[in-house]
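Coordinates in review
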Amino acid sequence: MKTVYTPAHERHRPPTILTRGVEVPHWEVAERAERLLAAAAAAGHEVVEPADYGRAPRAAVHDPGYLAFLENAWIRWQKLPDPTPAVQPYAHPGRHMHGQPSGIEGQAGYYMATGSAPIVEGTWEAAIAAAHAATHAARLVLDGEDAAYALCRPPGHHAFSDLGGGFCYLNNIAIAAEYMRRERGRVAVLDFDVHHGNGTQGIFWRRRDVLFVSLHGDPADYFPFFAGYANEIGGGDGRGYNLNLPQPPGTGDAAFLDALGTALEAVRHFAPEALLVSVGFDAFEADPIGVLKITTPGFGEIGRRIGRLGLPTVLVQEGGYNIEALGANLSAFLGGFTGGRG
Ligand code: Q9C
Ligand code: ZN
């Protein structure tokens, strides 16, 4: 299958972030994409560069104020006294606060849910390239490819219409899903990154034409903490078109595959014309920030079962932070997916 990749991600080099009050190197590093690319190429998948789809696909999903903030944040931040190399919010609107700041420091906290999505000089360029990669994979599948893999970096599933965070800026898979929806009646998004896809859920919350199904570590004691609970089923017209399947910490292959069966049954019942998958390898047993215990063969079996659905499928890369294991996990997943087709 075609792998959509562009080196534009290299310009996004997030520095340290705070974890429990301590500065640590960021996990979402450029080498992730290099490892994934090497594995896809070694497995014989043709690597193609995305076209430029312009502003329309991202504008169909994201708020204009948020897009303007992302595009200009770094340069505005540089005009602060003693500027630092990354936009890092430190004050967020908590409950009971609804004011709208005009300055960059306040807006950074307004438009970012967490401090873990610093904006550096090349972030905007990388983020729009990742969105083009997902859109390109969607275009390939709309044009008749059975499946395509968008090797996106930075990832996207924590980004809402008007809110970034959790290493994410533009919601690549939501942009691709909305792009496909213009030509197809119904699409489903399945998310097996270890973190709940809170941004994707938020974007499609009121939509019955886009099913969102997520498997993830239980947010009761895990990021993103404030979304991903089983009682979140969608609102308004979208009620019943959102399914969360939180998993207890330590969940391994067998129980995860059981839950995947429930997720795939929901997808089959929805009968979409296409499937988009948020592919994360941070449910891996040795991921530095994961809480689940999925093995490399486990990712193969996840791929095989998703492939067996037989739907036109767009695979979109999200998280996965064990650098040494990323290549093997992607090879296992893509091998399983392709085998499941056959
Ligand atoms: N102690 C994705 O996988 N929390 N984002 C980091 C770790 C944020 C992960 C703190 C995790 C966001 C796309
Ligand atoms: Zn994740």
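Look up: the structure comes first, before these words.
In what follows, the accompanying structure is described. (Residues numbered from 1 in each chain as written. Chains lettered and ligands numbered in written order. Predicted model: local features only at pLDDT ≥ 70, side-chain atom pairs only at ≥ 80, totals over all residues. Heavy atoms only, no water.)

**Observations regarding the sheet that holds strand β8 (residues 242-247)**
- Strand order across the open sheet formed by eight strands is β4-β1-β5-β10-β9-β6-β7-β8, with parallel pairing between neighbours. The sheet is open, and its two borders are formed by β4 (47-48) and β8, each paired with just one other strand.
- Along the sheet face, helix α10 (residues 323-341) touches β5 (147-150), β9 (274-279) and β10 (313-317) and points at about 175° away from the line of β10. (Pairing = 2+ DSSP bridges. Helix = DSSP H or I, 4+ residues; strand = E, 2+ residues; numbered from the N terminus. Contact = heavy atoms within 4.5 Å. Axes fitted to C-alpha atoms, helices over the stretch in contact; angles between N-to-C directions.)

**Some words on the coordination of the zinc ion (ligand 2)**
- Here the zinc ion (ligand 2) is held by the protein donor atoms Asp193 (OD), Asp193 (OD), His195 (ND1) and Asp282 (OD), which lie 1.9 to 2.7 Å from it.
- Within one chain, the residues donating to the zinc ion (ligand 2) are spaced in sequence as D-x1-H-x86-D. With a gap of 89 residues between them, aspartate 193 in the loop between β6 (187-191) and α7 (198-203) and aspartate 282 in the loop between β9 and α9 (296-307) connect regions that are remote in the sequence. The pair aspartate 193 / aspartate 282 is uniform in exposure class, with both members buried. (Donors = N, O, S within 2.8 Å, 3.2 Å for Na, K, Ca; no water. Buried < 20%, exposed > 50% of the residue type's maximum accessible area, 1.4 Å probe, protein only.)

**Re helix α6 (residues 172-181)**
- Counting buried residues along α6, nine of its ten residues qualify, which places the element largely inside the surrounding structure.
- Looking at α6, one finds that the buried residues are Asn172, Ile173, Ala174, Ile175, Ala176, Ala177, Glu178, Tyr179 and Met180.
- The inward-facing, buried residues of α6 abut α2 (56-59), α5 (123-142), β6, α7, β9 and β10.

**Quick notes on the nonpolar core**
- Counting residues in each nonpolar core, the largest one holds 52 residues, and the members touching the most others are Phe69, Leu70, Ile119, Leu170, Met180 and Leu276.
- Looking at this core, the element that brings in the most residues is α5, giving twelve residues. (Core = buried A, V, L, I, M, F, W, Y, C linked by side-chain atoms within 4.5 Å.)

**Quick notes on the pattern of salt bridges**
- Taken as a whole and judged by the stated rule, the model has 16 salt bridges.
- Of the charged contacts in the structure, one is a salt bridge between arginine 35 and glutamate 31, with a shortest N-O distance of 3.0 Å. Of this pair, arginine 35 and glutamate 31 both sit in helix α1 (residues 30-42), four residues apart, which is roughly one turn of that helix.
- Exposure remark for arginine 35: the relative accessible area of 27% places this residue in the partly exposed category.
- Residue glutamate 178 is joined to arginine 207 by a salt bridge in which the shortest nitrogen-to-oxygen separation is 2.8 Å. Remark: arginine 207 occurs in the loop between α7 and β7 (210-217) and glutamate 178 occurs in helix α6; sequence separation between them is 29 residues. (Salt bridge = Lys/Arg side-chain N within 4 Å of Asp/Glu carboxyl O.)

**Structural notes on the packing of aromatic side chains**
- If you walk through the whole model with that rule in mind, you get 13 aromatic pairs.
- Aromatic pair tyrosine 110 and tyrosine 111: ring centres 4.9 Å apart, planes at 80°, arrangement edge-to-face.
- Given the relative accessible area of 10%, tyrosine 111 is considered buried.
- Their ring planes at 80° and their centres at 6.3 Å tell us that phenylalanine 223 and phenylalanine 225 sit as a pair that is edge-to-face.
- Taking the relative accessible area as the measure of exposure, phenylalanine 223 reaches 24% and is therefore partly exposed.
- Judged by its relative accessible area of 37%, phenylalanine 225 is partly exposed.
- Joined through ring pairs, the aromatic side chains of Phe192, Phe281, Phe284, Phe299 and Phe333 make up one cluster.
- For the cation-ring pair, arginine 186 lies above phenylalanine 270, with the distance from its terminal atom to the ring centre recorded as 5.3 Å. (Phe/Tyr/Trp six-rings, centres within 6.5 Å; stacked < 30°, edge-to-face > 60°. Lys NZ or Arg CZ within 6 Å of the ring centre and 35° of its normal.)

**Comments concerning the site of ligand 1**
- In the vicinity of ligand 1 there are 15 residues, among which Thr19, Gly166, His195, Asp282 and Tyr321 approach most closely.
- Within the side chain of histidine 158, one N or O atom sits 3.3 Å away from a nitrogen atom of ligand 1.
- Between ligand 1 and aspartate 282 there is a distance of 3.1 Å, counted from an oxygen atom to a side-chain nitrogen or oxygen.
- Contact with the protein chains removes 87% of the 410 Å² of surface that ligand 1 exposes when unbound.
- Counted by class, the shell around ligand 1 contains seven nonpolar, six polar and two charged residues. (Near = heavy atom within 4 Å. Polar contact = N/O pair within 3.5 Å; in protein donor to acceptor, adjacent residues only side chain to side chain. Areas by Shrake-Rupley, 256 points an atom, 1.4 Å probe, with all protein chains shown as cover. Nonpolar A, V, L, I, M, F, W, Y, C, P; charged D, E, K, R; others polar.)

**With respect to α9**
- Taking 1.5 Å as the rise per residue, α9 with twelve residues should run 16 Å; its terminal C-alpha atoms sit 17 Å apart, in good agreement.
- Buried-residue contacts for α9 involve β6, α8 (253-270), β9 and α10.
- For α9, the side-chain oxygen to backbone nitrogen distance between the N-cap and glycine 298 is 3.0 Å, and the N-cap itself is threonine 295. (Expected span 1.5 Å × (residues − 1).)

Function cannot be inferred from these measures alone, as they are strictly geometric.
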